[in-house]
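# A closer look at the structure
Residue strings, one per chain:
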Amino acid sequence: YSNFIDDLRVYVRGGTGGMGYPNLGGEGGRGGDVWFVARERTTLKSIREKYPHKRFVAGTGANSSVRALKGEKGKDCEVHVPMGISVLDDDGKQIGELNAAGERFLAARGGLGGSLATNFLPCKGQRRMVHLDLKLIADVGLVGFPNAGKSSLLSKISHAKPEIANYAFTTIQPELGKIMYADYKQISVADLPGLIEGAHANKGMGHKFLKHVERTKQLLLVVDISGFQLSIKTHFRTAFETILLLTKELELYKKELLTKPALLAINKMDLPCAKDNLDELMTQLQNPQDFLHLLEEEMIPANTLEFRDVIPISTCTGEGIEELKRCIRKSIDEQAEQVNEEYRKKKLLLLQTSK
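None of these values were measured; they are calculated from a predicted model.

### Some points on the overall build of the protein chain
Assigned secondary structure in the protein chain consists of 6 helices and 14 strands. The buried share of the protein chain, reckoned over its 355 residues, is 47%. Considering only contacts within the protein chain whose residues lie at least 6 apart along the sequence, 72% involve residues at least 24 apart. Counting every atom, the protein chain has about 18800 Å² of accessible surface; 51% of that belongs to carbon and sulfur.

Shown next, in the form of C-alpha coordinates:
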(Lines give C-alpha, C1' and ligand atoms only; values in the text may rest on other atoms or scores of the structure.)
Protein backbone atom coordinates (compact mmCIF):
# COMPACT_ATOMS: atom_id res chain seq x y z
CA TYR A 1 0.00 0.00 0.00
CA SER A 2 3.02 2.29 -0.11
CA ASN A 3 1.97 4.16 -3.27
CA PHE A 4 -1.77 3.72 -2.90
CA ILE A 5 -3.59 6.05 -0.52
CA ASP A 6 -7.17 5.22 0.45
CA ASP A 7 -7.51 7.47 3.51
CA LEU A 8 -6.50 11.11 3.90
CA ARG A 9 -7.05 13.36 6.94
CA VAL A 10 -7.42 17.05 6.09
CA TYR A 11 -8.23 20.32 7.85
CA VAL A 12 -11.06 22.46 6.46
CA ARG A 13 -12.13 25.94 7.53
CA GLY A 14 -14.85 28.20 6.22
CA GLY A 15 -13.99 31.85 5.73
CA THR A 16 -14.66 34.49 8.40
CA GLY A 17 -17.49 36.95 7.65
CA GLY A 18 -16.83 40.60 6.86
CA MET A 19 -17.26 43.51 9.31
CA GLY A 20 -20.61 45.28 9.45
CA TYR A 21 -21.10 49.08 9.26
CA PRO A 22 -22.94 50.12 12.48
CA ASN A 23 -23.59 53.78 11.49
CA LEU A 24 -25.45 52.88 8.28
CA GLY A 25 -26.67 49.40 9.23
CA GLY A 26 -24.43 47.78 6.60
CA GLU A 27 -23.89 43.97 6.57
CA GLY A 28 -20.54 42.33 6.04
CA GLY A 29 -20.20 39.60 3.40
CA ARG A 30 -20.53 35.95 4.40
CA GLY A 31 -17.32 33.92 4.56
CA GLY A 32 -16.58 31.49 1.71
CA ASP A 33 -17.40 27.76 1.96
CA VAL A 34 -15.13 24.73 1.51
CA TRP A 35 -16.56 22.20 -0.98
CA PHE A 36 -15.42 18.70 -1.94
CA VAL A 37 -16.21 18.06 -5.62
CA ALA A 38 -15.94 14.57 -7.16
CA ARG A 39 -13.94 14.47 -10.37
CA GLU A 40 -12.59 11.76 -12.67
CA ARG A 41 -8.85 11.07 -12.88
CA THR A 42 -8.22 12.40 -9.38
CA THR A 43 -6.54 10.46 -6.57
CA LEU A 44 -5.96 11.03 -2.87
CA LYS A 45 -2.25 10.73 -3.60
CA SER A 46 -2.41 13.67 -6.04
CA ILE A 47 -4.24 15.77 -3.40
CA ARG A 48 -1.52 15.02 -0.84
CA GLU A 49 1.22 15.90 -3.32
CA LYS A 50 -0.46 19.13 -4.45
CA TYR A 51 -1.42 20.24 -0.92
CA PRO A 52 1.25 18.82 1.43
CA HIS A 53 -0.11 20.81 4.41
CA LYS A 54 -3.57 19.28 3.83
CA ARG A 55 -5.26 22.54 4.86
CA PHE A 56 -8.16 24.05 2.94
CA VAL A 57 -9.36 27.52 3.97
CA ALA A 58 -12.03 29.58 2.20
CA GLY A 59 -11.86 33.34 1.63
CA THR A 60 -12.96 36.06 4.08
CA GLY A 61 -16.15 38.01 3.38
CA ALA A 62 -15.79 41.67 2.33
CA ASN A 63 -16.38 44.39 4.93
CA SER A 64 -19.40 46.64 4.65
CA SER A 65 -18.51 50.19 3.52
CA VAL A 66 -20.11 53.43 2.40
CA ARG A 67 -19.66 52.33 -1.24
CA ALA A 68 -21.05 48.82 -0.66
CA LEU A 69 -23.26 48.45 2.38
CA LYS A 70 -23.72 44.75 1.60
CA GLY A 71 -20.26 43.19 1.55
CA GLU A 72 -19.44 40.51 -1.04
CA LYS A 73 -19.26 36.83 -0.08
CA GLY A 74 -15.79 35.40 0.44
CA LYS A 75 -14.29 33.14 -2.23
CA ASP A 76 -15.27 29.48 -1.97
CA CYS A 77 -12.55 26.81 -1.81
CA GLU A 78 -13.19 23.79 -4.06
CA VAL A 79 -11.21 20.61 -3.52
CA HIS A 80 -11.35 18.03 -6.30
CA VAL A 81 -11.56 14.51 -4.89
CA PRO A 82 -11.90 11.06 -6.51
CA MET A 83 -15.27 9.40 -6.98
CA GLY A 84 -16.15 6.79 -4.38
CA ILE A 85 -15.22 8.94 -1.38
CA SER A 86 -16.85 8.71 2.04
CA VAL A 87 -16.39 11.83 4.18
CA LEU A 88 -15.99 11.04 7.88
CA ASP A 89 -15.61 13.34 10.88
CA ASP A 90 -12.80 12.83 13.40
CA ASP A 91 -15.02 10.46 15.41
CA GLY A 92 -15.39 8.15 12.42
CA LYS A 93 -19.03 9.10 11.74
CA GLN A 94 -19.93 9.34 8.04
CA ILE A 95 -21.17 12.83 7.17
CA GLY A 96 -21.33 12.52 3.39
CA GLU A 97 -20.24 10.62 0.28
CA LEU A 98 -19.42 11.40 -3.34
CA ASN A 99 -20.04 8.63 -5.87
CA ALA A 100 -20.42 10.32 -9.27
CA ALA A 101 -18.47 13.00 -11.14
CA GLY A 102 -19.77 16.48 -10.32
CA GLU A 103 -21.30 15.59 -6.95
CA ARG A 104 -20.54 18.19 -4.24
CA PHE A 105 -20.29 18.08 -0.45
CA LEU A 106 -20.17 21.13 1.82
CA ALA A 107 -17.23 20.39 4.13
CA ALA A 108 -17.08 23.71 6.04
CA ARG A 109 -19.57 26.57 5.96
CA GLY A 110 -18.40 30.17 5.99
CA GLY A 111 -19.20 32.50 8.92
CA LEU A 112 -21.94 35.14 8.88
CA GLY A 113 -20.99 38.72 8.13
CA GLY A 114 -21.40 41.43 10.75
CA SER A 115 -25.01 42.67 11.02
CA LEU A 116 -27.50 44.03 13.53
CA ALA A 117 -28.10 40.45 14.78
CA THR A 118 -24.40 40.02 15.60
CA ASN A 119 -23.80 43.57 16.83
CA PHE A 120 -22.09 44.17 13.45
CA LEU A 121 -19.25 41.81 14.42
CA PRO A 122 -18.35 38.99 11.97
CA CYS A 123 -18.59 35.28 12.82
CA LYS A 124 -15.84 32.75 12.24
CA GLY A 125 -16.35 29.97 9.72
CA GLN A 126 -16.85 26.30 10.57
CA ARG A 127 -13.59 24.43 11.15
CA ARG A 128 -12.88 20.73 11.59
CA MET A 129 -10.70 17.75 10.69
CA VAL A 130 -12.26 15.30 8.23
CA HIS A 131 -11.21 11.96 6.75
CA LEU A 132 -11.52 11.27 3.03
CA ASP A 133 -12.04 7.52 2.86
CA LEU A 134 -11.78 5.97 -0.60
CA LYS A 135 -13.71 2.86 -1.54
CA LEU A 136 -13.07 1.79 -5.12
CA ILE A 137 -16.00 1.87 -7.49
CA ALA A 138 -15.92 -1.02 -9.96
CA ASP A 139 -18.47 -3.20 -11.70
CA VAL A 140 -16.82 -6.43 -10.57
CA GLY A 141 -14.56 -7.13 -7.58
CA LEU A 142 -12.24 -10.16 -7.62
CA VAL A 143 -12.42 -11.96 -4.28
CA GLY A 144 -10.07 -14.80 -3.35
CA PHE A 145 -7.27 -16.00 -1.15
CA PRO A 146 -3.64 -15.24 -2.13
CA ASN A 147 -2.27 -17.17 -5.11
CA ALA A 148 -5.73 -18.04 -6.44
CA GLY A 149 -4.75 -16.39 -9.73
CA LYS A 150 -6.67 -13.10 -9.49
CA SER A 151 -3.85 -10.97 -10.92
CA SER A 152 -3.30 -13.44 -13.78
CA LEU A 153 -7.03 -13.43 -14.49
CA LEU A 154 -7.17 -9.62 -14.55
CA SER A 155 -4.30 -9.52 -17.04
CA LYS A 156 -6.11 -12.08 -19.25
CA ILE A 157 -9.51 -10.40 -19.37
CA SER A 158 -8.39 -6.74 -19.46
CA HIS A 159 -5.54 -4.48 -20.51
CA ALA A 160 -4.26 -4.15 -16.93
CA LYS A 161 -0.69 -5.28 -16.24
CA PRO A 162 -0.57 -6.25 -12.55
CA GLU A 163 2.58 -7.70 -11.00
CA ILE A 164 2.40 -11.50 -11.07
CA ALA A 165 4.63 -13.93 -9.18
CA ASN A 166 4.40 -17.40 -7.63
CA TYR A 167 4.41 -16.23 -4.02
CA ALA A 168 1.36 -15.51 -1.90
CA PHE A 169 1.19 -11.72 -1.54
CA THR A 170 1.87 -10.38 -5.03
CA THR A 171 -0.94 -7.82 -5.02
CA ILE A 172 -0.41 -5.25 -2.30
CA GLN A 173 -2.55 -2.48 -3.76
CA PRO A 174 -5.82 -2.54 -5.72
CA GLU A 175 -5.51 -2.87 -9.49
CA LEU A 176 -8.23 -1.71 -11.86
CA GLY A 177 -8.74 -3.08 -15.36
CA LYS A 178 -11.43 -2.78 -18.01
CA ILE A 179 -12.91 -5.60 -20.08
CA MET A 180 -13.47 -4.32 -23.63
CA TYR A 181 -16.23 -5.95 -25.69
CA ALA A 182 -16.75 -5.97 -29.48
CA ASP A 183 -19.68 -3.52 -29.21
CA TYR A 184 -17.45 -1.10 -27.22
CA LYS A 185 -19.12 -1.92 -23.90
CA GLN A 186 -16.62 -1.59 -21.03
CA ILE A 187 -16.83 -3.33 -17.65
CA SER A 188 -14.41 -2.33 -14.88
CA VAL A 189 -12.83 -5.07 -12.76
CA ALA A 190 -10.92 -4.54 -9.49
CA ASP A 191 -8.27 -6.99 -8.32
CA LEU A 192 -8.16 -6.43 -4.57
CA PRO A 193 -5.34 -7.34 -2.14
CA GLY A 194 -5.37 -10.99 -1.05
CA LEU A 195 -7.83 -11.93 1.64
CA ILE A 196 -6.77 -14.23 4.49
CA GLU A 197 -8.62 -15.99 7.30
CA GLY A 198 -9.43 -13.45 10.01
CA ALA A 199 -9.68 -10.51 7.59
CA HIS A 200 -12.95 -9.40 9.20
CA ALA A 201 -10.94 -8.88 12.41
CA ASN A 202 -8.48 -6.75 10.36
CA LYS A 203 -5.79 -9.45 10.05
CA GLY A 204 -3.49 -8.97 7.09
CA MET A 205 -5.02 -6.22 4.96
CA GLY A 206 -8.49 -7.11 6.25
CA HIS A 207 -10.44 -3.89 6.39
CA LYS A 208 -8.42 -2.23 3.63
CA PHE A 209 -9.53 -5.10 1.38
CA LEU A 210 -13.10 -5.51 2.56
CA LYS A 211 -14.08 -1.85 2.38
CA HIS A 212 -13.26 -1.84 -1.36
CA VAL A 213 -15.58 -4.83 -1.90
CA GLU A 214 -18.47 -2.66 -0.66
CA ARG A 215 -18.31 -0.39 -3.70
CA THR A 216 -18.37 -3.09 -6.38
CA LYS A 217 -21.64 -4.00 -8.08
CA GLN A 218 -20.87 -7.72 -8.26
CA LEU A 219 -18.44 -10.25 -6.81
CA LEU A 220 -16.30 -12.70 -8.74
CA LEU A 221 -14.87 -15.34 -6.42
CA VAL A 222 -11.65 -16.88 -7.77
CA VAL A 223 -10.77 -20.25 -6.25
CA ASP A 224 -7.85 -22.63 -6.85
CA ILE A 225 -9.31 -26.06 -7.77
CA SER A 226 -6.46 -27.81 -5.97
CA GLY A 227 -7.14 -26.01 -2.66
CA PHE A 228 -5.20 -23.42 -0.70
CA GLN A 229 -2.65 -23.28 2.11
CA LEU A 230 -1.13 -19.94 3.12
CA SER A 231 1.88 -21.48 4.94
CA ILE A 232 3.01 -24.67 6.66
CA LYS A 233 1.62 -23.27 9.92
CA THR A 234 -1.92 -22.92 8.56
CA HIS A 235 -4.55 -25.51 7.59
CA PHE A 236 -4.89 -26.80 4.06
CA ARG A 237 -8.31 -25.85 2.64
CA THR A 238 -10.07 -27.62 -0.22
CA ALA A 239 -11.79 -25.57 -2.93
CA PHE A 240 -15.17 -26.10 -1.21
CA GLU A 241 -13.79 -25.01 2.18
CA THR A 242 -12.16 -21.98 0.51
CA ILE A 243 -15.53 -20.84 -0.90
CA LEU A 244 -17.18 -21.19 2.52
CA LEU A 245 -14.32 -19.35 4.25
CA LEU A 246 -14.48 -16.46 1.78
CA THR A 247 -18.24 -16.29 2.33
CA LYS A 248 -17.73 -16.32 6.11
CA GLU A 249 -15.19 -13.46 5.99
CA LEU A 250 -17.55 -11.32 3.87
CA GLU A 251 -20.47 -12.15 6.17
CA LEU A 252 -18.61 -11.28 9.38
CA TYR A 253 -17.49 -7.93 7.95
CA LYS A 254 -20.88 -6.88 6.54
CA LYS A 255 -23.84 -9.17 5.85
CA GLU A 256 -25.04 -6.94 2.99
CA LEU A 257 -22.05 -8.05 0.89
CA LEU A 258 -23.69 -11.45 0.45
CA THR A 259 -26.70 -9.85 -1.26
CA LYS A 260 -24.52 -8.78 -4.21
CA PRO A 261 -24.75 -10.87 -7.40
CA ALA A 262 -21.84 -13.33 -7.46
CA LEU A 263 -20.01 -15.47 -10.00
CA LEU A 264 -17.52 -18.25 -9.26
CA ALA A 265 -14.38 -18.86 -11.33
CA ILE A 266 -12.64 -22.19 -10.65
CA ASN A 267 -9.02 -21.57 -11.66
CA LYS A 268 -6.03 -23.80 -12.54
CA MET A 269 -8.03 -26.37 -14.49
CA ASP A 270 -4.81 -27.26 -16.36
CA LEU A 271 -3.45 -29.07 -13.24
CA PRO A 272 -3.52 -32.88 -12.93
CA CYS A 273 -6.65 -34.26 -11.19
CA ALA A 274 -8.43 -30.92 -11.74
CA LYS A 275 -11.34 -32.64 -13.53
CA ASP A 276 -11.94 -35.06 -10.62
CA ASN A 277 -11.68 -32.22 -8.10
CA LEU A 278 -14.18 -30.18 -10.14
CA ASP A 279 -16.72 -33.04 -10.22
CA GLU A 280 -16.44 -33.36 -6.43
CA LEU A 281 -16.76 -29.59 -5.94
CA MET A 282 -19.85 -29.32 -8.16
CA THR A 283 -21.53 -32.07 -6.11
CA GLN A 284 -20.71 -30.18 -2.90
CA LEU A 285 -22.00 -26.87 -4.31
CA GLN A 286 -25.31 -28.42 -5.37
CA ASN A 287 -26.03 -29.58 -1.82
CA PRO A 288 -23.71 -27.59 0.48
CA GLN A 289 -25.76 -28.44 3.61
CA ASP A 290 -24.81 -32.14 3.24
CA PHE A 291 -21.09 -31.33 3.56
CA LEU A 292 -21.02 -28.68 6.28
CA HIS A 293 -20.27 -31.35 8.91
CA LEU A 294 -16.77 -31.64 7.42
CA LEU A 295 -15.91 -28.14 8.68
CA GLU A 296 -15.31 -26.56 12.08
CA GLU A 297 -18.43 -24.81 13.37
CA GLU A 298 -16.81 -21.34 13.37
CA MET A 299 -16.02 -21.72 9.64
CA ILE A 300 -19.63 -22.24 8.57
CA PRO A 301 -21.38 -19.10 7.26
CA ALA A 302 -25.00 -18.46 8.26
CA ASN A 303 -25.90 -18.04 4.57
CA THR A 304 -24.16 -19.49 1.54
CA LEU A 305 -23.58 -17.43 -1.60
CA GLU A 306 -25.82 -18.11 -4.59
CA PHE A 307 -23.67 -18.11 -7.72
CA ARG A 308 -25.23 -17.00 -11.01
CA ASP A 309 -22.64 -19.03 -12.92
CA VAL A 310 -19.76 -21.39 -12.08
CA ILE A 311 -17.04 -21.19 -14.74
CA PRO A 312 -13.98 -23.51 -14.83
CA ILE A 313 -10.99 -21.57 -16.19
CA SER A 314 -7.22 -21.72 -16.61
CA THR A 315 -5.31 -18.46 -16.75
CA CYS A 316 -2.32 -20.51 -17.95
CA THR A 317 -3.93 -22.06 -21.07
CA GLY A 318 -6.77 -19.54 -21.55
CA GLU A 319 -9.45 -22.19 -21.08
CA GLY A 320 -12.84 -20.71 -20.16
CA ILE A 321 -11.68 -17.05 -20.28
CA GLU A 322 -14.05 -16.05 -23.13
CA GLU A 323 -16.92 -17.89 -21.42
CA LEU A 324 -16.16 -16.01 -18.19
CA LYS A 325 -16.19 -12.65 -20.01
CA ARG A 326 -19.54 -13.57 -21.56
CA CYS A 327 -20.99 -14.53 -18.14
CA ILE A 328 -19.74 -11.27 -16.57
CA ARG A 329 -21.37 -9.25 -19.37
CA LYS A 330 -24.66 -11.17 -19.06
CA SER A 331 -24.75 -10.75 -15.27
CA ILE A 332 -23.97 -7.00 -15.40
CA ASP A 333 -26.60 -6.43 -18.13
CA GLU A 334 -29.25 -8.34 -16.16
CA GLN A 335 -28.49 -6.32 -13.02
CA ALA A 336 -28.71 -3.04 -14.96
CA GLU A 337 -32.06 -4.08 -16.44
CA GLN A 338 -33.34 -4.99 -12.98
CA VAL A 339 -32.29 -1.58 -11.60
CA ASN A 340 -33.96 0.18 -14.56
CA GLU A 341 -37.16 -1.80 -14.04
CA GLU A 342 -37.27 -0.88 -10.35
CA TYR A 343 -36.69 2.78 -11.26
CA ARG A 344 -39.53 2.69 -13.82
CA LYS A 345 -41.90 1.13 -11.27
CA LYS A 346 -41.00 3.78 -8.68
CA LYS A 347 -41.60 6.60 -11.18
CA LEU A 348 -44.92 5.06 -12.22
CA LEU A 349 -46.01 4.78 -8.59
CA LEU A 350 -45.12 8.45 -7.99
CA LEU A 351 -47.18 9.50 -11.02
CA GLN A 352 -50.18 7.47 -9.85
CA THR A 353 -50.07 8.86 -6.33
CA SER A 354 -49.65 12.46 -7.60
CA LYS A 355 -52.82 12.07 -9.74
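### Focus: the pattern of salt bridges
Taken as a whole and assessed by the stated rule, the structure comprises 21 salt bridges. One salt bridge in this structure joins Asp333 and Arg329, with 2.9 Å as the shortest N-O distance. Taken together, the residues Asp333 and Arg329, both in helix α6 (residues 321–354) and 4 residues apart, mark about one turn of the helix. One salt-bridge network, held together by shared partners, links Asp183, Lys185, Arg329 and Asp333.

### A closer look at the environment of Glu323
Residue placement: Glu323 occurs in helix α6. A relative accessible area of 36% places Glu323 in the partly exposed class.

### Some words on the sheet that holds strand β6 (residues 94–98)
On the basis of which strands lie adjacent, the open sheet formed by 5 strands has the order β3-β1-β8-β5-β6 and mixed pairing. Both outer strands of the open sheet, β3 (55–57) and β6, are each paired with one neighbouring strand and no more. Geometrically, the sheet is characterised by an average inter-axis angle of 25° between neighbouring strands, direction not taken into account. Two strands pair when backbone bridges link them, and strand β5 (residues 85–89) and strand β8 (residues 127–134) are joined in this way by 5 bridges, in the antiparallel orientation. The residue bridging Ser86 from the neighbouring strand is Asp133, located in β8.

### Structural notes on the sheet that holds strand β13 (residues 262–267)
If you walk across this open sheet you meet the 6 strands as β10-β11-β9-β12-β13-β14, and the pairing is mixed. Edge positions in the open sheet fall to β10 (175–180) and β14 (307–312), since each of these has one partner strand only. Geometrically, the sheet is characterised by an average inter-axis angle of 25° between neighbouring strands, direction not taken into account. In the sheet, strand β9 (residues 138–143) pairs with strand β11 (residues 186–191) via 3 bridges, with the strands oriented parallel. Looking across to β11, one finds that Gly141 is bridged to Ala190. Each of β9, β12 (216–224), β13 and β14 touches helix α4 (residues 239–253); the most contacted strand, β12, lies at about 150° to it. Against the sheet, α6 touches β9, β10, β11, β12, β13 and β14, its axis set at about 170° to β14.

### Things to note about a nonpolar patch on the surface
A cluster of nonpolar side chains, namely Leu24, Val66 and Leu69, defines an oily patch on the protein surface of about 270 Å² accessible area. Locating Val66 in the fold gives a position in the loop between β3 and β4 (77–81). Residue classification places Val66 among the exposed residues on the basis of a relative accessible area of 57%.

Cut-offs used in this document
- Residues numbered from 1 in each chain as written.
- Predicted model: local features only at pLDDT ≥ 70, side-chain atom pairs only at ≥ 80, totals over all residues.
- Heavy atoms only, no water.
- Helix = DSSP H or I, 4+ residues; strand = E, 2+ residues; numbered from the N terminus.
- Buried < 20%, exposed > 50% of the residue type's maximum accessible area, 1.4 Å probe, protein only.
- Contact = heavy atoms within 4.5 Å.
- Areas by Shrake-Rupley, 256 points an atom, 1.4 Å probe, with all protein chains shown as cover.
- Salt bridge = Lys/Arg side-chain N within 4 Å of Asp/Glu carboxyl O.
- Pairing = 2+ DSSP bridges.
- Axes fitted to C-alpha atoms, helices over the stretch in contact; angles between N-to-C directions.
- Patch = residues over 30% accessible without salt bridge, like charges linked within 9 Å, V, L, I, M, F, W, Y side chains within 5 Å.

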